[in-house]
Amino acid sequence: MGLAMTFRFIHTADWQIGKVFRFVDETTMGLLQEARLDAISHLGKLAQERNARHVLVAGDVYDKEALAPISRNKPIERMRAFPKVQWHLLPGNHDPHRPNGLWDQLLQNGLPENVHVHVEPKPVCLEPDTAFLLPAPLRHKHSFSDPTLWMDDAETPAGMIRIGLAHGTITGFGSDDGDVPNLISPQRPDTANLSYLALGDWHGQKKINERCWYSGTHEIDAFDVINGGRALLVEFSDPEATPAVTPLQTGVYSWKSLSEQVNGRIDIDHLEAKLRAIGEPEKTLVDLKVEGTLSLEDRQQFEVRVTEGVSAAFCSMRLDCANLHARPTAEDLDQIDRGGFVRQAADELNRLTEAGGESGELAGEALRQLYLEHMKLQAGGK
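Throughout what follows, the structure given in this document is the object of discussion. The written sequence of each chain sets the order in which its residues are numbered from 1. Local features in this predicted model are restricted to residues whose pLDDT is 70 or higher, and side-chain atom pairs enter the listing and the counts only when it is 80 or higher, whereas totals over whole chains, interfaces and linings include all residues. Values reported for side chains reflect all heavy atoms of the structure, with hydrogen atoms and water molecules removed beforehand.

**As for the overall build of the protein**
- Counting from the N terminus, the helices are DSSP H or I runs at least four residues long and the strands are E runs at least two residues long. Of the regular secondary structure elements, the protein holds nine helices and 17 strands.
- Burial here depends on accessible area, computed with a 1.4 Å probe over protein chains only, as a share of the maximum for the residue type. Under 20% is buried, over 50% is exposed, and the range in between is partly exposed. Classification of the 382 residues of the protein by burial places 51% in the buried group.
- Within the protein, contacts between residues separated by at least 24 positions form 70% of all contacts whose residues are at least 6 apart in sequence.
- All accessible areas in this document rest on Shrake-Rupley with a 1.4 Å probe, and a residue is counted as covered only by the protein chains that are shown. Of the accessible surface of the protein, which amounts to about 18100 Å², a share of 49% is contributed by carbon and sulfur atoms. The contact definition used throughout considers only heavy atoms, calling two residues in contact when any of these lie within 4.5 Å.

Here it is as structure tokens:
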């Protein structure tokens, strides 16, 4: 039978509140952690704008079980601010439901009326005569049984929209099934007569089939995440119809990985221009890998213009110069000294650099530092 009106909800997952970003400084980490909370508020606004009464969070609300009370409560307070939106939270592998654990503590302390924690695998009525939720909470980080299997035998009234909510890896999706915990059958929508299966665990948004999606994380949290920073608006006009699924942008930070060859001043010019062309750099994290060979003079230019210069425009820039080698020219060595013991030291370092190996890398860095010190001395003497 058809519905009296369209039923809508927002599917999100993997908020991982409390996540630590170890490669950035404390200030930047604070910004990234706050962005994960701000994205919850954005989800609430989107739900109101799209007339979606329910937001389903498919696991990993928190990054870990051991969090300070104020950290546990921050996302709850963000959800409290949207009383007309019903929020449905599911324990995942980062925050499984254990006796007297994180979820029991939240429940014991009391939650807002619009925040629901689903710690039992049993049908829950979302809207009378319209929709039921079938949650599959995790009780352990690693389980080798399908957490959605119970849905096949779950009874709900006829004509209802049946929505599965789970956290895990779809069988055959990206890994050797024999080594992966929390495996979920991609046939679950068929075997359990689900109208939709809302999944979490994969941080990039991905469609498995017409009735089964990963929403992706609401704010990107790694350089290898594709199609992150999103949620999904899911709409039904009929319980039997294929749902209309619409991606929604929720995150504000971009994570970009770049690999560049730099072998001279022209390449430095090109790289600097390329980095400066990136829009909204203050909301962008860059993972830059640079390979090539530069003279000592050009290596110093790279340091000034890229390492110390344009990198300051970004929220964060992680720079890998392990394969950016210095190859001193005759002019470079003359800049250090044209004779005497300093030049002899420079020539010996150059010889060791050209010999390669671990000693060569150390010698190359020592030679570069020697060049920099002498350039500073020359500048100070003018």
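**Examining the packing of helix H1 (residues 26–49) against helix H2 (residues 69–80)**
- Interaxial angles span 0 to 180 degrees and are taken between N-to-C directions of axes, which are lines fitted to C-alpha atoms, for helices over the stretch in contact. Between H1 and H2, whose axes approach to 8 Å, the crossing angle comes to 25°. Taken together, the axes of H1 and H2 are roughly parallel relative to one another. In this structure, H1 meets H2 at a crossing whose hand is right-handed. Counted together, Glu 34, Leu 37, Asp 38, Ile 40 and Ser 41 of H1 and Lys 74, Pro 75, Arg 78 and Met 79 of H2 form the full contact between these two elements.
- Here the nonpolar group is Ala, Val, Leu, Ile, Met, Phe, Trp, Tyr, Cys and Pro; Asp, Glu, Lys and Arg are the charged ones; every other residue, Gly included, is treated as polar. Considering only residue class, the contact of H1 with H2 consists of four nonpolar, one polar and four charged. Each angle gets one of four labels, with under 35 degrees taken as roughly parallel, over 145 as roughly antiparallel, 65 to 115 as roughly perpendicular, and the rest as oblique. When the near helix sits turned anticlockwise from the far one by under a right angle, the crossing is termed left-handed; a clockwise turn instead gives a right-handed crossing.

**Things to note about the sheet that holds strand S17 (residues 316–326)**
- If you walk across this open sheet you meet the three strands as S15-S16-S17, and the pairing is parallel. One side of each edge strand has no neighbouring strand; the edge strands of this open sheet are strand S15 (254–261) and S17. When strand polarity is set aside, the average angle formed by the axes of neighbouring strands in this sheet is 5°.
- As paired strands, strand S16 (residues 284–294) and S17 are joined by nine bridges and run parallel to one another. Considered in S17, the bridge of Val 286 is made with Met 317. Strands are treated as partners if at least two bridges between them are detected by DSSP.

**Some words on the pattern of salt bridges**
- We define a salt bridge as a contact between a side-chain nitrogen of Lys or Arg and a carboxyl oxygen of Asp or Glu at a distance within 4 Å. Applying the stated criterion across every chain yields a total of 21 salt bridges.
- With a shortest N-O distance of 3.0 Å, Lys 207 and Glu 210 are connected by a salt bridge.
- Looking at Lys 207, the relative accessible area reads 40%, which means it is partly exposed.
- Three or more residues joined by partner-sharing salt bridges are found here, namely Asp 269, Glu 272, Arg 276 and Arg 305.

**A closer look at the sheet that holds strand S5 (residues 124–127)**
- Spatial strand order, S5-S6-S7-S10-S12-S11: six strands in an open sheet with mixed pairing. Two strands bound the open sheet, and with one partner strand each, they are S5 and strand S11 (206–209). Adjacent strand axes in the sheet meet at a mean angle of 25° when their direction is disregarded.

**Brief notes about the packing of aromatic side chains**
- Stacked, tilted and edge-to-face pairs are distinguished by plane angle, under 30 degrees for stacked and over 60 for edge-to-face with tilted covering the rest, among Phe, Tyr and Trp rings (Trp via its six-membered ring) whose centres lie within 6.5 Å. Going through the model one piece at a time under the given rule, you end up with nine aromatic pairs.
- Look at Trp 15 and Trp 87: their rings are 6.2 Å apart centre to centre, the planes differ by 75°, and that puts the pair in the edge-to-face class. Taken together, the residues Trp 15 in the loop between strand S1 (7–12) and H1 and Trp 87 in strand S3 (residues 86–89) connect sequence positions 72 residues apart.
- A relative accessible area of 0% means that Trp 15 is categorised as buried.
- Overall, the relative accessible area of 0% leaves Trp 87 in the buried class.
- Counting every residue linked through ring pairs, the aromatic cluster contains Phe 21, Phe 23, Phe 223 and Trp 255.
- The ring of Phe 21 is capped by Lys 19, whose NZ or CZ atom sits 5.9 Å from the centre of that ring.
- Lying across the ring of Phe 23, Arg 318 places its NZ or CZ 4.8 Å from the centre. Counted as over-ring charges are cases with an Arg CZ or a Lys NZ within 6 Å of the ring centre that also lie within 35 degrees of the ring normal.

**Remarks on the nonpolar core**
- In terms of nonpolar packing, the biggest core is built from 29 residues, with Ile 10, Trp 15, Tyr 62, Met 79, Trp 87, Leu 89 and Trp 103 touching the most fellow members.
- Counting only elements with at least two residues in this core, the list comes to H1, strand S2 (54–57), H2, S3, helix H3 (102–109), strand S4 (115–117) and strand S13 (230–236).
- Ranked by the residues each element gives to this core, the list is headed by H1, at five residues.
- Apart from residues no more than four positions distant in its own chain, Trp 15 is found in contact with Arg 36, Ile 40, Leu 43, Val 57, Asp 60, Val 61, Met 79, Trp 87 and His 218.
- Leu 90, Ile 161, Leu 232 and Val 234 belong to the second largest nonpolar core, which has 19 residues in total. Side-chain atoms within 4.5 Å are what join buried Ala, Val, Leu, Ile, Met, Phe, Trp, Tyr and Cys residues into a set we call a nonpolar core.

**Regarding H2**
- Expected helix span is given by 1.5 Å per residue-to-residue step, counting one fewer step than there are residues. The first and last C-alpha atoms of H2 sit 16 Å apart over 12 residues, in line with the 16 Å expected at 1.5 Å per residue.
- Looking only at H2, the buried set comprises Arg 72, Pro 75, Ile 76, Arg 78 and Met 79. Considered in projection along H2, the buried side chains sweep an arc of 155° and stay on one side of the axis.
- For H2, the elements touching its buried residues are H1, S3, H3 and S4. Taken from the helix axis, the directions to the C-beta atoms give the arc we talk about.

**Structural notes on the pairing of S15**
- Of the pairings in the sheet, the one linking S15 to S16 comprises eight bridges and is parallel in character. Counted as the bridge partner of Gln 261 is Glu 291 from S16.
- Handedness of a crossover is defined as follows: orient the strands so they point away from the viewer, and if the path from the first strand over the helix to the second runs clockwise, the crossover is right-handed. Between S15 and its parallel partner S16, the chain crosses via helix H5 (residues 265–276), and the hand of that crossover is right-handed.

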